[in-house]
Amino acid sequence: MTAATATAHAETTYREAIREAIRDAMRRDERVFLMGEDVGQYGGAFGVSLGLLEEFGPDRIRDTPLSESAFVGAGIGAAMGGMRPIVEIMTVNFSLLALDQILNNAATLLYMSGGQIGAPLVIRMTTGGGRQLAAQHSHSLEGWYAHIPGLRILAPATVADARGMLWPALRCPDPVLIFEHGSLYNATGPLAGHDTADITSAAVRRAGSDVTIVAYGGTLGTALTAADELSAEGVQAEVIDLRVLRPLDDATVLESVRRTHRAVVVDEGWRSGSLSAEISARITEQVFYDLDAPVARVCSAEVPMPYAAHLEQVALPQPAGVVAAARAVIG
């Protein structure tokens, strides 16, 4: 194997892919800087920014006080002033402390100013459960943010998307929120050749003809595992990775459902008022007469996320639940 071939096939982690994306963006554009709690000397709560302070210095890798509203607001102001901030919020639960800044300021500025003033910043945060971090650190609230006009919501589920989504997000005129599932940081995959990724479309991760399984972020692995189990039974499931939660790519999902005539939506959010409910509604509204069964949903249990490992696993969507839902819609 040549050196070039070895590089092309070299694998890295999801965490390292995000770090490389930040490094690349900062080298490309001097307006880009990173700010958040412990992103500097500590290297970030999840180790994403390790080594960046030594490379770029404290002016561009900026530790902030423990106040999400304050530092997200500072990021919005910097973006209004022509900078391109990457704001890191430790977990999605803590982003609620900055919800006023995100909803009432970042998401509305471009519209309320008649297109004169925008807030083109990127806000990254960790989401999801499965790591025994209990209820205040483990919920999946990205569906809430996908409800808000003026935002673009991304959920990279692969190393390639973790590497490639940041740069186009920084070029987007809208505020972009990137949700990184905590269980994926140690996941591995090829890095080379993924400098940019599509931030407009869903992706078909596995082709199939019998049922469409729609997933995103941390639930993509759950869906793919379920598809493998179904394949052993002779059922070919098509797995759609949404990737972009706002604006939703209806076309890819609907085209798949028109062929398979059945759909299962996997969502780590709570079932009531969830993103899965929106996807189910769109399928029903637009391709109702192509369906051979009602759309099924597999969501987290409607409880605060438990700390105990066995209870947490019961609360989260599991492959067995997806398999059971697929069997039910196939009949």
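Here, every reference points to the structure presented above.
Just so it is clear, the model here is predicted, and its values are computed rather than measured. (Residues numbered from 1 in each chain as written. Predicted model: local features only at pLDDT ≥ 70, side-chain atom pairs only at ≥ 80, totals over all residues. Heavy atoms only, no water.)

### Brief notes about the overall build of the protein
Helix and strand counts for the protein stand at 15 helices and 14 strands. For a compact globule of 331 residues, the expected C-alpha radius of gyration is about 20 Å, and the protein comes in at 20 Å, within 12% of that figure. Each of the three principal axes of the protein carries a C-alpha extent, and together these read 60 × 55 × 40 Å. Looking at the 331 residues of the protein, the share that counts as buried comes to 55%. A sequence separation of at least 24 residues applies to 81% of the contacts in the protein between residues at least 6 apart. Within the structure as shown, the protein displays about 13,800 Å² of accessible surface, and the carbon and sulfur contribution to it stands at 55%. (Helix = DSSP H or I, 4+ residues; strand = E, 2+ residues; numbered from the N terminus. Rg over C-alpha atoms; globule rule 2.2 N^0.38 Å. Buried < 20%, exposed > 50% of the residue type's maximum accessible area, 1.4 Å probe, protein only. Contact = heavy atoms within 4.5 Å. Areas by Shrake-Rupley, 256 points an atom, 1.4 Å probe, with all protein chains shown as cover.)

### Considering the pairing of strand E5 (residues 122–127)
The side chains of a regular strand alternate, first on one face of the sheet and then on the other. The buried fraction of E5 amounts to six of the six residues, a majority that puts the element mostly inside the structure. On E5, burial covers both faces: Val 122, Arg 124 and Thr 126 on one face and Ile 123, Met 125 and Thr 127 on the other are all buried. Alignment of strand E4 (residues 84–91) against E5, held across five bridges, turns out to be parallel. Its bridge partner lying in E5, Ile 86 is registered against Val 122. Two elements, E5 and strand E7 (residues 176–181), share six bridges in a ladder whose sense is parallel. (Pairing = 2+ DSSP bridges.)

### Topic: the pairing of strand E13 (residues 263–270)
Taken across its eight residues, E13 has seven buried, putting it largely inside the fold. When strand E10 (residues 211–215) meets E13, the two strands line up parallel, connected through three bridges. Paired with Thr 212 across the two strands is Ala 263, which belongs to E13. One ladder, built from five bridges, connects E13 with strand E14 (residues 296–300); its direction is parallel.

### Side note on the sheet that holds strand E11 (residues 237–241)
With respect to topology, five strands assemble into an open sheet ordered E9-E11-E10-E13-E14, the strand pairing being mixed. At either end of the open sheet lies a strand with only one pairing partner, and these are strand E9 (203–206) and E14. The average undirected angle you get between the axes of adjacent strands in this sheet is 25°. Across the sheet, helix H11 (residues 219–232) touches E9, E10, E11 and E13, and the angle it forms with E11 is around 170°. Sheet strands in contact with helix H15 (residues 319–330) are E10, E13 and E14, and its direction is about 145° off that of E13. (Axes fitted to C-alpha atoms, helices over the stretch in contact; angles between N-to-C directions.)

### Focus: the pattern of salt bridges
Per the stated rule, a full pass over the model turns up 21 salt bridges. The residue Asp 228 makes a salt bridge to Arg 206 at a minimum N-O spacing of 2.4 Å. Residue Asp 228 is found in helix H11, and its partner Arg 206 is found in strand E9; the two are separated by 22 residues along the sequence. Residue Asp 228 is classed as partly exposed on the basis of its relative accessible area, which comes to 46%. (Salt bridge = Lys/Arg side-chain N within 4 Å of Asp/Glu carboxyl O.)

### Notes on the sheet that holds E5
What the seven strands build is an open sheet, ordered E3-E2-E4-E5-E7-E6-E12; its pairing is mixed. Single-partner strands in this sheet number two, and they are strand E3 (61–63) and strand E12 (244–246). This sheet shows a mean twist of 20° between the axes of neighbouring strands, independent of strand direction. Alignment of strand E6 (residues 152–154) against E7, held across three bridges, turns out to be parallel. Looking at E7, one finds that Ile 153 is bridged to Leu 177. Helix H2 (residues 14–28) rests against strand E2 (32–36), E3, E4, E5 and E7 of the sheet, and its axis sits at about 155° to E7.

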